[in-house]
Every structure is written in structure tokens, then in C-alpha cells.
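So you can see what is in the structure, the chains are spelled out below.
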2 protein chains.
Amino acid sequence: MKALYPVVLTLAIVISLPSYAQQQGSPAPSNVRDAEYPYIDSNRRVTFRVQAPQAKRVQVVGLGSKNGFTEQPINLVRGENGVWMVTTPPVRPGFYYYQIIIDGTPVNDQSSESYFGWAHPTSGLEVPDPAFDFYNAKTVPHGEVRVRWYHSQVTGALRQVYVYTPPGYDAGTNRYPVLYLQHGAGESERAWTAQGKANFILDNLIATGTKPMIVVMDNGYARKPGVKLPPDSWGNEAFEEVLLVDLIPLIDTHYRTLANREHRALAGLSMGGGQALQVGLNNLNKFAWVGGFSPFLRDFNLKSVLNNAANVNPQLRLLWLGCGYQDEFYASNKAMHQAFQKVGIKHVWVEGSGTHEWQVWRWYLHDFVPRLFLGL
Amino acid sequence: MKALYPVVLTLAIVISLPSYAQQQGSPAPSNVRDAEYPYIDSNRRVTFRVQAPQAKRVQVVGLGSKNGFTEQPINLVRGENGVWMVTTPPVRPGFYYYQIIIDGTPVNDQSSESYFGWAHPTSGLEVPDPAFDFYNAKTVPHGEVRVRWYHSQVTGALRQVYVYTPPGYDAGTNRYPVLYLQHGAGESERAWTAQGKANFILDNLIATGTKPMIVVMDNGYARKPGVKLPPDSWGNEAFEEVLLVDLIPLIDTHYRTLANREHRALAGLSMGGGQALQVGLNNLNKFAWVGGFSPFLRDFNLKSVLNNAANVNPQLRLLWLGCGYQDEFYASNKAMHQAFQKVGIKHVWVEGSGTHEWQVWRWYLHDFVPRLFLGL
């Protein structure tokens, strides 16, 4: 009889497996400690689990158009004890903002970490890439990410900035070039490290020969005190002035920087990409290296730049522009690339498959950073 | 006729005010950018606003017993367009974890920042204190809060630690004493700065004469690889070993510390308070200053300490123990204080009105820190 036990037990387990039976996999890296769900199987199908006993409908949805997870809400299925579950079709590797929708109200998943995106803390799902790990923490020396507070003369308020210092910064006496790196609309100064893993991307690149640098990640929103903004304002009108008046002097005072235009870069994604192009290209006395990652271009003014190609080229060490084919900003970026071409502004144009999401921006950062400060 | 317009307009506004009419006040400091609600009026009554058109019942509740906000869920009232609102009775100043309950399911408030507590990101409400501002950012020099990653020999995994360096650290060459400061159960290494504002408390104290110090805030959870934990395990079993084997050597290697027991303190709140007392008092060759803030004592072993008072006193520069009258741990802490008294272990005992919440721990930190490293 005894020999039968394991067989019976195995059968019982197999029979009890519900329809969302999982293949071998593991909890998502973005889960809170000990949370089993969201669970990612070996085909990158993601199983969600939500406890909502009184709900009539529970759904999960990815945020952002053409996100690689799901634009259309997927219904969870009610099981016992008010537990709702669903397993999605295979998901592309990357980082996705998502929410649970309970009877029409979007809420965060208590099983996942929150990330500041979409103007509030939003659940995030990290789907590991089986092929690439350039943004994962590896056994290489790690830099620090420092949070620094400063009083802005421009806004009259306290601001918080994140500063990556490369491995060995404290032990040495070297001075370093600086990359100013901006987040997208609805995000914050924390996004490039929390969502983008910029610090690990830099650690890994520096470990394999990229020039060590300081990376400064500020908040892209800034308003002057007492200024009444128009209803469609983004609230980022004073960012350029904060960057030039407050931030660059602050960083050059408190860190061992190479404090000149040749050793200063500015880049950003989406809204931050528009800010980087506008502020960078219009202030070439401050920046020699400029990058726009899927930049949002509509509200930014580059006319004077296009009218002055002859002045721009000699000062510009690198202008990097990239956007994915499936990104809603692809057409406007392609047009900008063509406008640069037409007036003869030298630049790197990167296009390829990709939507408006973090996995693309991790790639762009990984492409952009090794080009910086070469030949100096 | 024209003169009547303002009167009519004023009347119309007054008449249209609903029952949750606000007195003059302002949005909570814990709100996300531009969120009007939660709104705190001049009597510290808090108005919440939730959009949930299909919900049958929407409530707001504070987390934690005897929290100064509300233990019992308060019903919001449904208004037009599926917007639910309520104004609470006056709330004590301080920081509160809270959640919105939609038809029985607790969710976060999209209008507030999230704080890692209760083992997942949880909404937080900061209610300003009209009388005290020792934990607010003031116009004094600010230290940095650095995030550092390290590979733990003990757990075999990557860990993240927060390190406060005092104002002027980078510019100078001084070496500093170190306070290791631990969070409570369900929280993380970010709690002392995000919820506790420890960095601003230190900035303000240092600006008025407290000895500058480094503050190290690690995650209090740690498990060895492959160890199967009992079902009631907290998962913090390897913390002591991480602290002694991994963390102290790491900090003493990478920061300008005074690397000896006389210049090393250990304190914590709740679970972290129990950890501080157990690890600190049992390792007096490593620590000379120990603090327990409303410590959870049940699972921690202090017997050998109580049996060796004669050895403890000469090594201990400070033992600080505090707990509020309304705290559920008050009785056990009072008993610990009496046990220390009985065996003659010198200590500071702080009791007074207070529950198990962050405003108390801010006060305790503010009381504890100026006593550290005196006479050295």
C-alpha cells in the first residue's frame, strides 16, 4: 500500500490544479517580499491574483498605448473565497505599469511594488528577459544613488534630486563628467533608477569599459511661485531655469565634476526627451552631448536650432535621437530626424521595433551612455 | 445691478457647499502633486475624495491599533458622478498609514503617496503639527541619503541599504560615529527617511549642535539561502549575522567612520527595537549605545543580558528604552524597564502619552540622537 501513496498524492495534486495551471516559473521580480503573484511562467504568461469577495468584475490592464502587456482590460475569473485569478497570454519582456480594475475603479495590486508613474504610485510588473540582462544587478562594483535636497531659487521651494556616483567615487579623487537624465510625464526623479534601473545599467557598462560618470536625475516639473498656469499647463515651465540656475551650480559645487560643456550631457525620455533637446540644443554653451529617447516634441521649440545649423554642429559632440516604429511619437521623431538632416545637423538616428515603454528606454540608455565623453 | 453680482455669487457658492464644507486649510503634504484631497482643514479634519462610480460602499480606515486617525472604517458619502467624500473628525498630528475600502476590498488612495508598510506599498497621510516642526525640512544644511547595494555573504543575495551622511561630509575629511537604525515589521529600509523623516530630524539637530553622525538604515529581514523557515517565522532570522558579518565591515570600509564600539550605536522601532536590544546588548564589543523605541520584545532573548548586569554596565554608554502608555507593547516594555532596574542595568526610561505610530518614533529619535557619542 505504501508505494501507492505518492502516486495517489500526485494524482490528487494534478486533479486539483485549476484551469490556470502554471508551467514552471517564478514570482515576478517586482512583487513585494513573499508574494507568489503576479507569477510568470516559462512562456512569460503572467498569472494575477486578487482578493475581492464583493466585486462583480475584476480586470487587469496595462497602462499606456501599445504597451507590451495588454491595452484592453483582461477579466479575472472568480474562484473560491472571493479570490479572482487569470493567466494572460505571453508578455514581452520589460517593465509595465498596470492596474487592477475592480468594478470599474482602477486600483493598485497589493502584491506588487508601486512606481511613481501616471502622476501617482502605480503598480509595476517586471518581466525578465531571457536573452538580455544588461540592466540587472550583476556581481560588478556598484555605484551609489544619492538623494539630495536643495532649495531652488527659481521655484522658491525645496526640491529632491537623485545623483548616481560611479563605483569608487568616495575612495578616489578623480573628477567626472556628468549626464543629466530626465524622466517622462507623470513620473518623478526616482523613475530612472526604480523603473529604468539606470544605476545597474551604468554599473555594468562601467565594469566593461565605459567612461565612469555622474548621473543627475532631477524632477522635470518646476513652477515659479505665484505664477498662475494656464489650464493645459504641464507645470514644467520653469525646469530649464531650475536646471541652469539651481541644479548645475549645485552639482558642480558638491560633486567632483568636470564642470564644463565638453563634460556635460543632457538626455531624457518622452517629456524629458523634449526637455533635453530644447534645453540642450539651445544652451550649447552648457552641454555638448544631447539625447532624446522617444521624445515628446510638440510643446518644445527647436526652430532657432534648425535655423542655426552652422553654429550648432561645431559645438555639438553628440546629438542622439531615437524612437520605436510602434511609438505614437514615431512620426514626429522621424520628421525631426529629417529636419536635422535637411539643415545638416549631425546626429545619430536610432529607429527600430519598439513602443513607448521602459524596456526601449533602457536600451536607449545602454546605447547612448558608451558614446558619451569619448575623445576627451 | 452690477454691485449685486458678488453678493449673489457668494450666496450661490455658500448654498452649494455640501455638508462636508471645509474650513480654510490645505492639501495634505503627503498628497501627490496637484491632488486637492486628502484636504486638511484648520481643525485638522481630513476630507477624503474617491471616484468609484459602481461601488456600493466606500470607506477610509487607518491601519494599526489605536492609531490617531481612525481604527473603525468611516463611510464616505456618494455624491454626483460616482464621487465619494467624507470629512473626518479632527485627527492628531502625525503620519498615518491608511487605506480606502471599496466594497470590502482595501486599496490605496491614488491621491496620496505610497509608503512601504504593512508588507506592501500603503497610502500615507501626513497631518502637520501646528506646534512642532523638528522633523520638517528647514533652511539648514541638508545631509544626503545614499542608496547602496551590497552582496550579502550571509543571505547570498543582493541587499539595499540607506545611508545618511551629514551635511559637509563630502567636502571634509572628518571621521564620524555611526548609528544603525532599524524599521518596524512590514516596513523597509526606506521607512526611517520616507515615513520618519530621519534625515531632516538629523539635519535640524546637527544644525543646533548635535554631534554629526552617519545613520545606516538596513532592511531588517534576512534569511539564509536554503533554510526552510517555520510557518510563523518573520523571515528576519539572519539579520544579526548580516549586520555583524556583512554590514558593519561594509560601512566601515566605504565611509569615513570611527570604527569602534564607542562610536557605534544601534536603535530601532517595534520589531527593529527588539532587534536593536537583542543584537546590541548581546554584542557590547560592537555597540556602546543602544535604543529601543516601542520595541516588540516577545521573540527576542535578553536573558543572558539580565543575568550579566555587572558585565553590561561598564560597557554600555547608553541604553534608551521608551514606549507610550497607549501602545499595546507598553506593559511588556514597562516590565523590561523594571527588569533592568531590578538587576541594576543603567538605562533611560521614557514613558508618556503615545501609541504605536510614527509621530512617537520621530520624537524618540529626536530625544535619542542628541544623547549619542557625548563625552567622547
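Residues numbered from 1 in each chain as written. Chains lettered and ligands numbered in written order. Predicted model: local features only at pLDDT ≥ 70, side-chain atom pairs only at ≥ 80, totals over all residues. Heavy atoms only, no water.

## What about the overall build of chain A?
Counting secondary structure elements, chain A contains nine helices and 19 strands. Here the C-alpha radius of gyration of chain A, 23 Å, is about what a compact globule of 376 residues would show, namely 21 Å. Expressed as lengths along the three principal axes of its C-alpha atoms, the size of chain A is roughly 85 × 50 × 40 Å. The burial tally for chain A puts 57% of its 376 residues in the buried class. (Helix = DSSP H or I, 4+ residues; strand = E, 2+ residues; numbered from the N terminus. Rg over C-alpha atoms; globule rule 2.2 N^0.38 Å. Buried < 20%, exposed > 50% of the residue type's maximum accessible area, 1.4 Å probe, protein only.)

## Concerning the interface of chain A and chain B
Listed by partner, the interface residues are 44 residues for chain A and 44 residues for chain B. Across the chain A/chain B interface, buried area totals approximately 3700 Å², and carbon plus sulfur atoms make up 46% of it. The largest contributions to the chain A side of the interface with chain B come from Arg33(A), Gln110(A) and Trp149(A), which together make up 19% of the buried area. For the pair chain A and chain B, the interface holds eight salt bridges. (Contact = heavy atoms within 4.5 Å. Buried area = accessible area lost by both parts, 1.4 Å probe. Salt bridge = Lys/Arg side-chain N within 4 Å of Asp/Glu carboxyl O.)

## Brief notes about the sheet that holds strand S6 (residues 77-78) of chain B
Paired through backbone hydrogen bonds, the strands of a sheet run either parallel or antiparallel to each other. All names here are of chain B. The five strands lie next to each other as S1-S2-S3-S7-S6, forming an open sheet whose pairing is antiparallel. Either end of the sheet is taken by a strand with one partner, and the two such strands are strand S1 (25-27) and S6. With six bridges joining them, strand S3 (residues 45-51) and strand S7 (residues 83-90) adopt antiparallel strand pairing. Bridged to Arg 45 within S7 is Pro 90. (Pairing = 2+ DSSP bridges.)

## Digging into unusual backbone geometry
Residues and elements named next belong to chain A. In this chain, Tyr 37 is followed by Pro 38 through a cis amide linkage whose omega measures -5°. Among the secondary structure elements, Pro 38 is positioned in the loop between strand S1 (25-27) and strand S2 (39-41). The phi torsion at Lys 66 lies on the positive side, around 55°, for a residue other than glycine. Unusually for a residue other than glycine, Trp 118 sits at a positive phi of about 55°. Considering the arrangement of structural elements, one finds Trp 118 in the loop between strand S10 (114-117) and strand S11 (120-127).

## A word on the side chain of Thr105(A)
As for its position among the elements, Thr105(A) is in strand S9 (residues 105-107). Apart from the residues lying within four places of it in its own chain, the contact partners of Thr105(A) are Ile100(A), Gln51(B), Ala52(B), Pro53(B) and Ile102(B).

## Some remarks on the packing of aromatic side chains
Residue and element names in this part refer to chain A. Going through the model one piece at a time under the given rule, you end up with 52 aromatic pairs over all chains. Centre to centre, the rings of Phe 69 and Tyr 98 are 6.2 Å apart; their planes meet at 85°, and the pair counts as edge-to-face. One end of the pair, Phe 69, is in the loop between strand S4 (58-62) and strand S5 (74-75); the other, Tyr 98, is in strand S8 (residues 94-102), and 29 residues separate them in sequence. A network of ring pairs unites the aromatic residues Trp 192, Phe 293, Trp 320, Trp 358, Trp 361, Tyr 364 and Phe 368 as a single cluster. Directly above the aromatic system of Tyr 135 lies the positively charged group of Arg 362, at a separation of 4.4 Å from the ring centroid. (Phe/Tyr/Trp six-rings, centres within 6.5 Å; stacked < 30°, edge-to-face > 60°. Lys NZ or Arg CZ within 6 Å of the ring centre and 35° of its normal.)

## Concerning the domain arrangement of chain A
Residue and element names in this part refer to chain A. Parsing chain A into structural domains produces domain 1 (20-127) and domain 2 (144-226 + 234-371). Distance from the C-alpha centre of domain 1 to the C-alpha centre of domain 2: 32 Å. Residue-level contacts link 16 residues of domain 1 with 13 residues of domain 2. Summing both sides of the interface, domain 1 and domain 2 together bury roughly 1100 Å²; the carbon and sulfur share of this comes to 45%. Of all residues in domain 1, the largest losses of buried area upon contact with domain 2 belong to Lys 66, Phe 95 and Phe 116, amounting jointly to 39% of the total for that side. Here Arg 92 ties to Glu 357 by a salt bridge, and the two come within 3.0 Å at their closest N and O atoms. Along the contact surface separating domain 1 from domain 2 lie 13 residue pairs in polar contact (both at pLDDT 80 or more). When contributions to the side of domain 1 that touches domain 2 are tallied by element, the ones reaching two or more residues are S8 and S10. A class-by-class count of the residues in the side of domain 1 that touches domain 2 yields eight nonpolar, five polar and three charged. (Domains from an automatic or database assignment. Polar contact = N/O pair within 3.5 Å; in protein donor to acceptor, adjacent residues only side chain to side chain. Nonpolar A, V, L, I, M, F, W, Y, C, P; charged D, E, K, R; others polar.)

## As for the pattern of salt bridges
If you walk through the whole model with that rule in mind, you get 34 salt bridges over all chains. Put simply, Asp218(B) and Arg159(B) hold a salt bridge, and the shortest N to O gap is 2.9 Å. Placement of Asp218(B) in the loop between strand S15 (214-217) and helix H4 (239-254) and of Arg159(B) in strand S13 (residues 158-165) is noted, with a sequence separation of 59 residues between them. Here Arg159(B) falls in the buried class, since its relative accessible area comes to 9%. What emerges from the salt-bridge pattern is a single network uniting Glu144(A), Arg146(A), Arg148(A), Asp170(A), Glu144(B), Arg146(B), Arg148(B) and Asp170(B).

## Thoughts on the pairing of strand S8 (residues 94-102) of chain B
All names here are of chain B. With nine of nine residues buried, S8 is to be regarded as a mostly interior element. The alternating pattern of S8 places Gly 94, Tyr 96, Tyr 98, Ile 100 and Ile 102 on one face and Phe 95, Tyr 97, Gln 99 and Ile 101 on the opposite face, and all of these are buried. For strand S4 (residues 58-62) and S8, the ladder comprises five bridges, and the chain directions are antiparallel. Looking across to S8, one finds that Val 58 is bridged to Ile 102. Sheet topology places S8 next to strand S9 (residues 105-107); three bridges connect them, and they run antiparallel. Bridge assignment links Ile 101 to a residue of S9, and that residue is Pro 106. Joining the antiparallel neighbours S8 and S9 is a turn of two residues, in which Asp 103 adopts a positive phi near 45°.

## Some thoughts on the packing of helix H3 (residues 198-207) of chain A against helix H9 (residues 358-368) of chain A
All names here are of chain A. In contact at an axis separation of 10 Å, H3 and H9 are set at 35° when each is read in the N-to-C sense. Two packed elements cross with a definite hand, and for H3 against H9 that hand is right-handed. Across the interface between the two elements, Ala 198, Ile 201, Leu 202 and Leu 205 of H3 pack against Arg 362, Leu 365 and His 366 of H9. Of the residues in the contact of H3 with H9, the class split is five nonpolar, one polar and one charged. (Axes fitted to C-alpha atoms, helices over the stretch in contact; angles between N-to-C directions. Left-handed = near helix turned anticlockwise from the far one by under 90°.)

## Some details on the relation of the copies chain A and chain B
When chain A is fitted to chain B, the residual RMSD is 0.0 Å, and the transformation amounts to a turn of 180° plus an axial shift of 0.0 Å. Interpreted geometrically, this transformation is the action of a two-fold axis. Using C-alpha coordinates, one finds that chain A approaches the rotation axis most closely at Arg146(A), a distance of 2.0 Å. Most of the interface of chain A is mirrored in chain B: 100% of its interface residues are interface residues there too. (Least-squares fit on C-alpha atoms with pLDDT ≥ 70 in both.)

## A word on the sheet that holds strand S6 (residues 77-78) of chain A
Residues and elements named next belong to chain A. One open sheet accounts for five strands, arranged S1-S2-S3-S7-S6; its pairing is antiparallel. Two strands in the sheet have a free side with no partner beyond their single neighbour: S1 and S6. By the bridge criterion, three bridges tie S1 to S2 in an arrangement that is antiparallel. Opposite Pro 27, over in S2, you have Tyr 39 as the bridge partner.

## With respect to the environment of Tyr364(A)
Residues and elements named next belong to chain A. Along the chain, Tyr 364 falls in helix H9. Judged by relative accessible area, which is 7%, Tyr 364 ranks as buried. Taking the C-alpha atoms as reference points, Tyr 364 and Cys 323, separated by 41 residues in sequence, lie 9.1 Å from one another. The contacts of Tyr 364, once residues within four sequence positions are left out, are Phe 293, Ser 294, Trp 320, Gly 322, Cys 323, Gly 324 and Val 350.

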